[in-house]
Amino acid sequence: LFSVEGKRIVVTGGASGIGYAIAEAMTMNGALVGIVDMSAERMEAAAQRLAQIGRRPELACANLANPDEARASLEGLHRVLGGLDVLFANAGISGGPGFLGADGARVEANRFEAIDPGVLERTLSVNVGSVFHSAQAVVPLMKAAGQGRIVVTSSISASKTELMVGSAYVASKGAVGMLVRQLAHELAGYGILVNAICPGPTATQIAGGRLQDAAMQDVLGRFAPLGRIASPQDIQGVALLLASRAGDYITGTEITVDGGTHLG
Ligand code: NAD
């Protein structure tokens, strides 16, 4: 029911963090995996690790905020993999300062008036633009195949106000949430399912690796009823659900994986 054996699956931002964990879950379960990332170096290191647990992924280096690069990289991987069953549109950035300090106090640079307009522009262009451009690249291919899935890594910040991330990030993920619903509605008639995974704080490289800092994890873990922040591997189960036959009747949905953080 949850098998992804033989499925052709591309993960954007798959060189690190949540994207890497998704690529790992798909590789371990027999999928043919492609990764698009803007860091060739991190991607090569990820490919070497993945080759130890299964088939080595195909790689394409691109800045997905750029529509031409998104199209070239995804069309290239579609060719090499012989098709595309699932796109995980996961690449994203934290959008400037905006985290609590290790002492639990709010970082002053996160104040709304202090956010540089350039940060807003960059955050929207990466977090919204990369999902938009990646989807525009693969939808014609999925329509031609009569099936496909797009799974977007959104965030609990899409629907929950946050003091620990900045307004630019929250605005970008709010837009991503609405884009997922719109695409799900528009593409359902073509056999294409579109969903979002909404993680809470997760220990990855994002925000300069601050979420990998033990003191920061301790502070953020107190916001989660389950008492700890997520590891990237905590996201793997929902990724398998949405990529496999188990997810056949799920579209236009956001699935939260946050240890209960959204509760309060
Ligand atoms: P990460 O920094 O560990 O990994 C992100 C990867 O995306 C990196 O390898 C980076 O090179 C790549 N990337 C960034 N911008 C890109 C671009 N323009 N083009 C191509 N590749 C690009 O971060 P992560 O935490 O694993 O983030 C993955 C997704 O999860 C993001 O969309 C993020 O917003 C979301 N998310 C993260 C958290 C968290 O707490 N870590 C919580 C909720 C949602």
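Computed from a prediction, not measured in an experiment: that's the story for all the values here.

Criteria and cut-off values
- Residues numbered from 1 in each chain as written.
- Predicted model: local features only at pLDDT ≥ 70, side-chain atom pairs only at ≥ 80, totals over all residues.
- Helix = DSSP H or I, 4+ residues; strand = E, 2+ residues; numbered from the N terminus.
- Rg over C-alpha atoms; globule rule 2.2 N^0.38 Å.
- Buried ≥ 20, exposed ≤ 12 C-beta atoms within 10 Å, placed from the backbone.
- Contact = placed C-beta atoms within 7 Å.
- Near = placed C-beta within 6 Å.
- Nonpolar A, V, L, I, M, F, W, Y, C, P; charged D, E, K, R; others polar.
- Axes fitted to C-alpha atoms, helices over the stretch in contact; angles between N-to-C directions.
- Parallel < 35°, antiparallel > 145°, perpendicular 65-115°, else oblique.
- Left-handed = near helix turned anticlockwise from the far one by under 90°.
- Core = buried A, V, L, I, M, F, W, Y, C linked by C-beta atoms within 7 Å.
- Pairing = 2+ DSSP bridges.
- Right-handed = clockwise from strand over helix to strand, strands pointing away.

A. A look at the overall build of the protein chain. If you tally the helices and strands in the protein chain, you get seven helices and seven strands. In summary, the protein chain has a C-alpha radius of gyration of 17 Å against a globular reference of 18 Å for 264 residues, a match within 12%. Expressed along its principal axes, the backbone C-alpha trace of the protein chain runs to roughly 50 × 35 × 35 Å. Counting over 264 residues, the protein chain shows a buried share of 51%. Partitioning the contacts of the protein chain with sequence separation of at least 6, the portion at a separation of at least 24 is 75%.

B. The environment of Arg181, seen in detail. Tracing the chain through its elements places Arg181 in helix H5 (residues 167-187). When the C-alpha atoms of Arg181 and Asn63 are compared, they prove to be 25 Å apart, with 118 residues separating the residues in sequence.

C. Representation of the site of the ligand. In the vicinity of the ligand lie 29 residues, with Gly13, Ser16, Gly17, Gly92 and Thr204 positioned nearest. Broken down by secondary-structure element, the contributors of at least two residues to the shell around the ligand are helix H1 (17-28) and helix H4 (117-145). For the shell around the ligand, the element with the most residues is H1, which contributes three residues. Of the residues assigned to the shell around the ligand, the class counts are 13 nonpolar, 14 polar and two charged.

D. Examining the packing of H1 against helix H7 (residues 236-243) more closely. Remark: H1 packs on H7, axes separated minimally by 9 Å, with the N-to-C direction vectors making an angle of 60°. Taken as axis vectors, H1 and H7 run oblique relative to one another. Considering how the two elements wind past one another, H1 and H7 form a crossing that is right-handed. Mapping the contact onto sequence places Ala21, Ile22, Ala25 and Met26 in H1 and Gln236, Ala239, Leu240 and Ala243 in H7. Each residue belonging to the contact of H1 with H7 can be placed in one class, and the counts come to seven nonpolar, one polar and no charged.

E. Summary view of the environment of Ile192. Counting through the fold element by element, Ile192 comes out in strand S6 (residues 192-199). Judged by the 23 C-beta atoms lying within 10 Å of it, Ile192 falls in the buried class. The spacing of Ile192 and Ser244 is 52 residues in sequence and 13 Å in space, taken between C-alpha atoms. Apart from the residues lying within four places of it in its own chain, the contact partners of Ile192 are Val139, Met142, Gln147, Gly148, Arg149, Ile150 and Leu187.

F. Broad picture of unusual backbone geometry. Unlike most non-glycine residues, Ala207 shows phi in positive territory, near 55°. Mapping Ala207 onto the fold places it in the loop between S6 and helix H6 (214-221). On the neighbour-count criterion, Ala207 (21 C-beta atoms within 10 Å) is buried.

G. Looking closely at the nonpolar core. Residues Ile9, Ile22, Phe88 and Ala239 are the most contacted members of the largest nonpolar core, which totals 71 residues. In terms of residue count, the dominant contributor to this core is H4 (eight residues). Core analysis: the next-biggest nonpolar cluster, separate from the first, contains seven residues, Val165, Ala168, Tyr169 and Val170 among them.

H. Quick peek at H7. Counting buried positions along H7 yields six of eight residues, so the element is predominantly enclosed. Buried residues of H7: Gln236, Val238, Ala239, Leu240, Leu242 and Ala243, and no others.

I. Fine view of the sheet that holds S6. Ordered by their spatial adjacency, seven strands build an open sheet running S3-S2-S1-S4-S5-S6-S7, and the pairing between neighbours is parallel. Unpaired on one side and paired on the other, strand S3 (58-61) and strand S7 (254-257) mark the two borders of the sheet. Pairwise comparison of adjacent strand axes, ignoring direction, gives a mean angle of 20° for this sheet. Two elements, strand S4 (residues 86-89) and strand S5 (residues 148-153), share four bridges in a ladder whose sense is parallel. When the sheet's bridge partners are listed, Leu87 is paired in S5 with Ile150. Relative to the sheet, helix H3 (residues 67-81) contacts strand S1 (8-12), strand S2 (32-37) and S3, its axis offset from that of S2 by approximately 165°.

J. Seen up close, the pairing of S2. Counting buried positions along S2 gives six out of six residues, so the element sits mostly inside the fold. Here S2 shows a buried face lined by Leu32, Gly34 and Val36 and a second buried face lined by Val33, Ile35 and Asp37. The pairing of S1 with S2 spans five bridges and is classified as parallel. Pairing of Val11 across the sheet is with Ile35, part of S2. Following the backbone out of S1, through H1 and into the adjacent parallel S2, one traces a crossover that is right-handed. Relative to S3, S2 runs parallel, the two being bridged by four bridges.

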